[in-house]
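# Chains, contacts and geometry: an overview
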Amino acid sequence: MARTALITGGNRGIGQQVARVLAMDGWDVLIGSRDKAKGQSAATRLRKDTGGRVRAIELDVTSDASVETAARVLRDGAIRIDALVNNAGIYGAGARGPDAVSCTMETNFFGPLRVTLGLLSLLRDGATITNVTSGLGELSNLDDAHARLLADPDLGRDALVDAIRGFVAGGGTDWGTDAYGVSKAALNALTRVLAKELAGRDIRVNSTCPGWVRTDMGGRGAPRSVEEGAASVLFGVTATQTGGVFRDGAKIRP
Ligand SMILES: NC(=O)c1ccc[n+]([C@@H]2O[C@H](COP(=O)([O-])OP(=O)(O)OC[C@H]3O[C@@H](n4cnc5c(N)ncnc54)[C@H](OP(=O)(O)O)[C@@H]3O)[C@@H](O)[C@H]2O)c1
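One structure accompanies this document, and this report is about it.

## Here we look at the overall build of the protein
- Across its full length, the protein carries eight helices and eight strands.
- Compactness check: the protein gives a C-alpha radius of gyration of 17 Å against a globular reference of 18 Å for 254 residues, within 12% of the reference.
- For the protein, the C-alpha atoms occupy an extent of roughly 50 × 45 × 35 Å along the three principal directions.
- Put simply, the protein has 254 residues, and 52% of those count as buried.
- For the protein, contacts bridging at least 24 residues in sequence account for 73% of all contacts bridging at least 6.

## With respect to the pattern of salt bridges
- Taken as a whole, this structure holds 10 salt bridges when the rule is applied.
- Two residues, E197 and R157, come together in a salt bridge whose shortest N-O distance is 3.0 Å. Placement of E197 in helix 7 (residues 179-198) and of R157 in helix 6 (residues 157-169) is noted, with a sequence separation of 40 residues between them.
- R157 gets classed as partly exposed once you look at its relative accessible area, which sits at 24%.
- We note a salt bridge from D202 to R204, for which the minimum N-O separation is 3.6 Å.
- Here D202 falls in the partly exposed class, since its relative accessible area comes to 44%.
- Residues joined by salt bridges that share partners form a network here, namely D64, E106 and R114.

## Some details on the packing of aromatic side chains
- Throughout the structure, instances matching the rule amount to four aromatic pairs.
- Ring geometry for Y91 against Y180: centres 4.6 Å apart, planes inclined by 70°, an arrangement best described as edge-to-face. On the criterion of sequence distance, the pair formed by Y91 in the loop between strand 4 (81-86) and helix 4 (100-119) and Y180 in helix 7 is long-range, its members being 89 residues apart.
- Ring centres 4.8 Å apart and planes at 75° place the aromatic pair F109 and F110 in the edge-to-face group.

## Looking at the side chain of S183
- Structurally, S183 is set in helix 7.
- Note on S183: relative accessible area 0%, which makes it buried.
- Reaching out from S183, the side chain makes a polar contact with the side chain of N108 at a distance of 3.2 Å.
- Residues within four places of S183 in sequence aside, it is in contact with T104, M105, N108 and F109.

## So, a nonpolar patch on the surface
- There is a patch of nonpolar side chains on the surface, built from Y91, L136 and M217 and spanning about 270 Å² of accessible area.
- Relative to the helices and strands, M217 resides in the loop between strand 6 (204-209) and helix 8 (226-234).

## Things to note about the sheet that holds strand 5 (residues 123-132)
- Within the open sheet, the eight strands sit side by side as 3-2-1-4-5-6-7-8. Their pairing is mixed. For this open sheet the edge positions go to strand 3 (53-58) and strand 8 (250-251), each flanked by a neighbour on one side alone.
- Both strand 1 (residues 4-7) and strand 2 (residues 28-33) contribute to a ladder of four bridges, which runs parallel. Bridge pairing in strand 2 places A5 opposite V29.
- Sitting on the sheet, helix 2 (residues 36-50) is in contact with strand 2 and strand 3, with an inclination near 175° to strand 3.

## Let's talk about helix 2
- Taking 1.5 Å per residue as the helical rise, helix 2 with its 15 residues ought to reach 21 Å, and the 21 Å between its terminal C-alpha atoms agrees with that figure.
- Every buried residue of helix 2 is accounted for by G39, A42, A43, L46 and T50. Buried positions in helix 2, seen along its axis, are confined to an arc of 100° and lie on one side of it. Within helix 2, the exposed residues directed more than 90 degrees away from the buried face are A37 and K48.
- Where helix 2 is buried, its residues contact helix 1 (13-24), strand 2 and strand 3.
- Its side-chain oxygen 3.0 Å from the backbone nitrogen of A37, D35 forms the N-cap of helix 2.
- Looking one or two residues beyond helix 2, the residue adopting positive phi is G51, at roughly 70°.

## Considerations on the site of the ligand
- What surrounds the ligand is a group of 29 residues, the closest being R12, N87, Y180, V213 and T215.
- Within the backbone of V61, a nitrogen or oxygen atom sits 3.0 Å from a nitrogen atom of the ligand.
- Within the side chain of T215, an N or O atom sits 2.5 Å from an oxygen atom of the ligand.
- Considering the ligand on its own, with 900 Å² of exposed area, one finds that the protein chains cover 96% of that surface.
- Taken together, the elements giving at least two residues each to the shell around the ligand come down to helix 1 and helix 7.
- Among the residues making up the shell around the ligand, the classes are represented as 11 nonpolar, 12 polar and six charged.

Criteria and thresholds
Residues numbered from 1 in each chain as written. Predicted model: local features only at pLDDT ≥ 70, side-chain atom pairs only at ≥ 80, totals over all residues. Heavy atoms only, no water. Helix = DSSP H or I, 4+ residues; strand = E, 2+ residues; numbered from the N terminus. Rg over C-alpha atoms; globule rule 2.2 N^0.38 Å. Buried < 20%, exposed > 50% of the residue type's maximum accessible area, 1.4 Å probe, protein only. Contact = heavy atoms within 4.5 Å. Salt bridge = Lys/Arg side-chain N within 4 Å of Asp/Glu carboxyl O. Phe/Tyr/Trp six-rings, centres within 6.5 Å; stacked < 30°, edge-to-face > 60°. Polar contact = N/O pair within 3.5 Å; in protein donor to acceptor, adjacent residues only side chain to side chain. Patch = residues over 30% accessible without salt bridge, like charges linked within 9 Å, V, L, I, M, F, W, Y side chains within 5 Å. Areas by Shrake-Rupley, 256 points an atom, 1.4 Å probe, with all protein chains shown as cover. Pairing = 2+ DSSP bridges. Axes fitted to C-alpha atoms, helices over the stretch in contact; angles between N-to-C directions. Expected span 1.5 Å × (residues − 1). Arc of directions from axis to C-beta. Near = heavy atom within 4 Å. Nonpolar A, V, L, I, M, F, W, Y, C, P; charged D, E, K, R; others polar.

Now the structure itself:
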């Protein structure tokens, strides 16, 4: 039986390349895209390129309603997920303006949490969840107090969510680094928390860092190709470990 993967933000960049590799490997691939037309054209492109089974599903990670609708569509189609890749993210120009901090946290931190919880009943026991992180989310970039908070092994989901809500309410200025860095540091902490919560179902949850990659986000000057970045992310899809942060298959400090 073919395995099924869902990749958020799969219509371009690293997410599209992850989708491409999985389609070539024989997976049933669902491309999550907040824009239906962009998702469909990416799915058409990947079907043509790979000959694989690729479909689009409308999914805006910042919207409860969108996640609920996507879950209903999947449930109605009797689709179960073997690998969820929380890849959708924004950085810099993607999140300018007065709501930039909130928008960054809603997409990069609350997005993976919302999608994971919203689709949890559709994940098979033994599935993997891969949260796409960044070196900018290393705890060493945060001030000591907040680095300690996120590193605390006893930190639970509610306390983490409260802390991030506090960061947003405070204008996103007082953790020692910018909203993007905090969003990815918090995502790594969420990875650890979810890994513990889901261990009973043998669902492995890991963060994987693609490195600095030549995509719309990373820009043309980045040292890594999209293929290299996606390969680093793909480690999470078949990982046997749980709760870690990895780059190129090697565990790194969160
Ligand atoms: N590129 C790098 O150097 C780098 C380095 C470290 C980590 N990362 C991480 O890698 C991941 C992918 O980055 P990338 O370089 O491929 O970025 P990208 O080329 O800018 O693509 C971002 C993707 O996320 C989607 N997205 C944004 N907001 C969304 C939302 N609310 N709901 C659903 N999809 C949404 C975008 O959809 P639209 O097309 O609709 O905008 C697009 O498909 C991100 O999590 C990023 O933080 C990237």
